[in-house]
Amino acid sequence: MSIKENLIKIKSQLPQNVGLVAVSKFHPAEAVVEAIKAGQNVFGENRVQEAEKKFAQIKKDYPGVCLRIIGSLQRNKVKDAVKIADAIDSVDRLELLDEIEKQAAKIDKKIQVLFELHTGEESKSGFADVQGIFQALEKIAFGQCPHVEPRGFMTMAPFTEDKNLVRQSFVKLREAKEECQKKFPQFDLSELSMGMSGDWPLAVEEGSTMVRIGTAIFGERDYSGGEKN
């Protein structure tokens, strides 16, 4: 099926209140443009360098396109990430938050962020517990990060056939959101980015507001330009 047909199929299955992030990593700019022409305007990229090469021209040609950085982000990539992205969905430590504020302030740009919580996936990215996110939100609440707009949370479920483990991961993120929203009512922390091609129906059942789907839209990735991720 074409990218357009894939998008129509996925969107027909998603509830209206759940947004779709089309994960375009390792797919060419032409594929992104095809998706834009089919009505998709939110994209997710893992690697800043690849995102820059791909989206610099796309964002000029299609100003309504939203680019979200969804992969683990190194501090030395933040300067470039802040320039090209509309949102950074993988804030997983206080040092990264500080660097995002520093670089966003330099160009006077407000940037949305999601806090990544480690909920059982094999990778170690993400805040270990909700206390770390409390600290991050306190910094913002005290006016230390005026260029950062917190919007919610993200996680990656473990890669397992055990649906109970996957569901537990999503429940943990939803409960963290509820805790944070209660403690910081001044912020709108309603975004829950959880669920990918293989597990998004479970994520939606547990309250996801944003699913990240790549392969089911664009097909298998071409890894010739970089390692499998």
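The model shown is predicted, which means the values in this text are computed figures rather than measured ones. (Residues numbered from 1 in each chain as written. Predicted model: local features only at pLDDT ≥ 70, side-chain atom pairs only at ≥ 80, totals over all residues. Heavy atoms only, no water.)

## So, the overall build of the protein chain
Moving on, step 1. Of regular secondary structure, the protein chain possesses 9 helices and 8 strands.
Moving on, step 2. Over its C-alpha atoms the protein chain spans a radius of gyration of 17 Å, differing by no more than 12% from the 17 Å that the globule rule assigns to 229 residues.
Moving on, step 3. In terms of overall dimensions, the protein chain has a C-alpha envelope of 50 × 45 × 35 Å along the principal axes.
Moving on, step 4. Counting over 229 residues, the protein chain shows a buried share of 52%.
Moving on, step 5. Put simply, of all contacts in the protein chain between residues at least 6 apart along the chain, 61% involve residues at least 24 apart.
Moving on, step 6. Counting every atom, the protein chain has about 11000 Å² of accessible surface; 48% of that belongs to carbon and sulfur.
Moving on, step 7. In the protein chain, which carries 33 positive and 35 negative side-chain charges, the distance between the mean positions of the two groups comes to 3 Å. (Helix = DSSP H or I, 4+ residues; strand = E, 2+ residues; numbered from the N terminus. Rg over C-alpha atoms; globule rule 2.2 N^0.38 Å. Buried < 20%, exposed > 50% of the residue type's maximum accessible area, 1.4 Å probe, protein only. Contact = heavy atoms within 4.5 Å. Areas by Shrake-Rupley, 256 points an atom, 1.4 Å probe, with all protein chains shown as cover. Lys, Arg positive; Asp, Glu negative; His and termini not counted. Charge placed at Lys NZ, Arg CZ, Asp CG, Glu CD.)

## Quick notes on helix H7 (residues 163–183)
Moving on, step 1. In this model, H7 (21 residues) spans 30 Å end to end at C-alpha, consistent with the 30 Å of a helix rising 1.5 Å per residue.
Moving on, step 2. Among the residues of H7, Val166, Ser169, Phe170, Leu173, Ala176 and Cys180 are the ones counted as buried. All buried residues of H7 project into a common sector of 115° when viewed along the axis, lining one side. In H7, the exposed positions that point more than 90 degrees away from the buried face belong to Lys163, Asn164, Gln168 and Lys182. (Expected span 1.5 Å × (residues − 1). Arc of directions from axis to C-beta.)

## Some points on the pattern of salt bridges
Moving on, step 1. Counted under the stated rule, the structure contains 13 salt bridges.
Moving on, step 2. Where Glu149 meets Arg151, a salt bridge forms, and the shortest distance between an N and an O atom there is 3.9 Å.
Moving on, step 3. A relative accessible area of 18% means that Arg151 is categorised as buried.
Moving on, step 4. Taking the shortest distance from any N to any O, the salt bridge between Glu206 and Arg167 comes out at 2.6 Å. On the criterion of sequence distance, the pair formed by Glu206 in the loop between helix H8 (200–205) and strand E8 (210–213) and Arg167 in helix H7 is long-range, its members being 39 residues apart.
Moving on, step 5. By relative accessible area, which is 26% here, Arg167 ends up partly exposed.
Moving on, step 6. Among the charged side chains, a salt-bridge network with shared partners connects Arg167, Arg174, Glu178, Glu205 and Glu206. (Salt bridge = Lys/Arg side-chain N within 4 Å of Asp/Glu carboxyl O.)

## Details of helix H5 (residues 94–106)
Moving on, step 1. Here H5 contains 13 residues, and its C-alpha end-to-end distance of 19 Å stays within 8% of the 18 Å for a straight helix at 1.5 Å per residue.
Moving on, step 2. Among all positions in H5, only Leu96, Leu97, Glu99, Ile100, Glu101, Gln103 and Ala104 are buried.
Moving on, step 3. Directly after H5, the chain includes Asp108, whose backbone phi takes a positive value near 50°.

## Considerations on the nonpolar core
Moving on, step 1. Membership of the largest hydrophobic core comes to 65 residues, with the highest contact counts inside it found for Phe43, Ile88, Ile100, Phe115 and Ile217.
Moving on, step 2. A total of 6 residues in this core trace back to one element, the largest contributor, which is helix H6 (residues 130–141).
Moving on, step 3. Once residues lying within four places of it in the same chain are set aside, the contact partners of Phe43 are Val21, Ala22, Ser24, Val32, Ala35, Ile36, Phe55, Val65, Cys66, Leu67, Arg68 and Phe218. (Core = buried A, V, L, I, M, F, W, Y, C linked by side-chain atoms within 4.5 Å.)

## Let's talk about the pairing of strand E5 (residues 111–116)
Moving on, step 1. Among the 6 residues in E5, 5 count as buried, and that is most of the element.
Moving on, step 2. In this fold, strand E4 (residues 87–91) hands off to H5, which returns the chain to E5; that crossover is right-handed. (Right-handed = clockwise from strand over helix to strand, strands pointing away.)

## Some remarks on the packing of helix H2 (residues 29–37) against helix H3 (residues 48–61)
Moving on, step 1. Viewed as axis vectors pointing N to C, H2 and H3 meet at an angle of 40°, and their least axial separation amounts to 10 Å. Judged by the twist between their axes, the crossing of H2 over H3 is right-handed. Together, Ala29, Val32, Val33 and Ile36 of H2 and Lys54, Phe55 and Ile58 of H3 make up the contact between the two elements.
Moving on, step 2. The class makeup of the residues in the contact of H2 with H3 is 6 nonpolar, no polar and 1 charged. (Axes fitted to C-alpha atoms, helices over the stretch in contact; angles between N-to-C directions. Left-handed = near helix turned anticlockwise from the far one by under 90°. Nonpolar A, V, L, I, M, F, W, Y, C, P; charged D, E, K, R; others polar.)

## Quick notes on the packing of aromatic side chains
Moving on, step 1. Counted under the stated rule, the structure contains 5 aromatic pairs.
Moving on, step 2. Between Phe184 and Phe187, the ring centres sit 6.3 Å apart and the planes meet at 25°, which makes this aromatic pair stacked.
Moving on, step 3. Using a relative accessible area of 6% as the deciding quantity, one classes Phe184 as buried.
Moving on, step 4. Its end group placed over the ring of Phe134, Lys183 keeps NZ or CZ at 5.2 Å from the ring centre. (Phe/Tyr/Trp six-rings, centres within 6.5 Å; stacked < 30°, edge-to-face > 60°. Lys NZ or Arg CZ within 6 Å of the ring centre and 35° of its normal.)

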